[in-house]
Amino acid sequence: RRRMSSRRVWSRPQVHGDRDDIVPHAQGRVCHEQLGSADKVFLSCPGADHNNVLLRHGAAWRDAAAAWLKKAAAFDDAHPARARVETFGLSSERFNGQRGVVVARAKTDAGAPPRAKVNFESAEMGTKAIKLENLKVVDREPFLAGAAGAE
């Protein structure tokens, strides 16, 4: 069985009626368990079917959604995609001070330090996965500067 992606840090609450005859409750539970996120919520709604979860369990749904939105609003990625970064503290001095743009988080083995995939300005550097501890963000939102003048 294929496991769902673990790229997201957290996922939205999964809300499911235990009398759902369109997507069986057990199938919803299996899908939820396969989410790669460690921070996930499955809200089982007794007596609800596929189309009346909000009608029967609106308050519980709103509470779960509000908690998720609060967490999302507080989320801060220190090295977001598209941020301009500069390298430092690398063992080879010639690689320090190199600038580039974060493309995405790089896949790492369990227990390994987190890394970002960076597309560097210099052809010598190209695109590399660099430990976050060796990246200094010089501009978190450079893409907004170009978008502002486009209107």
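Given the structure is predicted, the values throughout are model-derived calculations rather than measurements. (Residues numbered from 1 in each chain as written. Predicted model: local features only at pLDDT ≥ 70, side-chain atom pairs only at ≥ 80, totals over all residues. Heavy atoms only, no water.)

With that settled, the discussion passes to the side chain of Asn-134. Relative to the elements of secondary structure, Asn-134 occurs in the loop between strand E6 (127-131) and strand E7 (135-139). Judged by its relative accessible area of 10%, Asn-134 falls in the buried class. Ignoring any residue separated from it by four or fewer positions in sequence, one finds Asn-134 in contact with Glu-86, Thr-87, Phe-88, Gly-89 and Leu-90. (Helix = DSSP H or I, 4+ residues; strand = E, 2+ residues; numbered from the N terminus. Buried < 20%, exposed > 50% of the residue type's maximum accessible area, 1.4 Å probe, protein only. Contact = heavy atoms within 4.5 Å.)

Moving on, we get to the environment of Phe-120. Checked against the element boundaries, Phe-120 lands in strand E5 (residues 115-120). Classification of Phe-120 as buried rests on a relative accessible area of 6%. For the pair formed by Phe-120 and Val-102, sequence separation is 18 residues and the distance between their alpha carbons is 8.6 Å. Not counting chain neighbours up to four residues away, the residues in contact with Phe-120 comprise Thr-87, Gln-98, Arg-99, Gly-100, Met-125, Gly-126, Lys-128 and Ile-130.

End to end, helix H2 (residues 53-74) covers just 28 Å across 22 residues, shorter than the expected 32 Å (1.5 Å per residue, more than 12% under). Burial in H2 covers these residues: Val-53, His-57, Gly-58, Ala-64 and Ala-65. In this fold, the buried residues of H2 make contact with strand E1 (14-17) and strand E2 (42-45). (Expected span 1.5 Å × (residues − 1).)

Under the counting rule described, the total for this entry stands at 4 salt bridges. For the salt bridge of Arg-84 with Glu-121, the shortest nitrogen-to-oxygen distance reads 2.8 Å. With Arg-84 in strand E3 (residues 84-87) and Glu-121 in the loop between E5 and E6, this pair connects stretches of sequence that are 37 residues apart. Judged by relative accessible area, Arg-84 falls into the partly exposed class, the value being 22%. When its relative accessible area of 54% is taken as the criterion, Glu-121 is described as exposed. The partner of Glu-124 in a salt bridge is Arg-94, and the shortest N-O contact between them spans 2.2 Å. Residue Glu-124 is found in the loop between E5 and E6, and its partner Arg-94 is found in the loop between E3 and strand E4 (99-106); the two are separated by 30 residues along the sequence. An identical accessibility class is assigned to Glu-124 and Arg-94; each is exposed. One salt-bridge network, in which partners are shared between bridges, spans Glu-86, Arg-99 and Lys-136. (Salt bridge = Lys/Arg side-chain N within 4 Å of Asp/Glu carboxyl O.)

Attention now goes to unusual backbone geometry. Excluding glycine, residues mostly carry a negative phi; peptide bonds, for their part, are mostly trans. Although it is not a glycine, Arg-82 adopts a positive phi angle of roughly 80 degrees. By secondary structure assignment, the location of Arg-82 is in the loop between H2 and E3.

In this structure, Val-85, Val-102, Ala-116, Val-118, Phe-120, Met-125, Ile-130, Leu-132 and Leu-135 together form the largest nonpolar core, which totals 9 residues. With residues up to four places along the chain from it excluded, the contact list for Val-85 reads Gln-98, Arg-99, Gly-100, Val-102, Val-118, Leu-135, Lys-136, Val-137 and Val-138. (Core = buried A, V, L, I, M, F, W, Y, C linked by side-chain atoms within 4.5 Å.)

Strand order in the open sheet formed by 5 strands is E6-E5-E4-E3-E7, with antiparallel pairing between adjacent strands. Of all strands in the sheet, those with a lone pairing partner are E6 and E7, marking the two edges. Each strand of the sheet is rotated relative to its neighbour by a mean of 50 degrees, with strand direction disregarded. Bridging between E4 and E5 involves 6 bridges; their strand directions are antiparallel. Residue pairing in the sheet places Arg-105 in a bridge with Ala-116 of E5. (Pairing = 2+ DSSP bridges. Axes fitted to C-alpha atoms, helices over the stretch in contact; angles between N-to-C directions.)

This part covers the pairing of E5. Here E5 shows a clear split, with Ala-116, Val-118 and Phe-120 buried on one side and none of Arg-115, Lys-117 and Asn-119 buried on the other. The hairpin formed by E5 and E6 contains 6 residues between the paired strands, and Gly-126 there has a positive phi angle of roughly 60 degrees.

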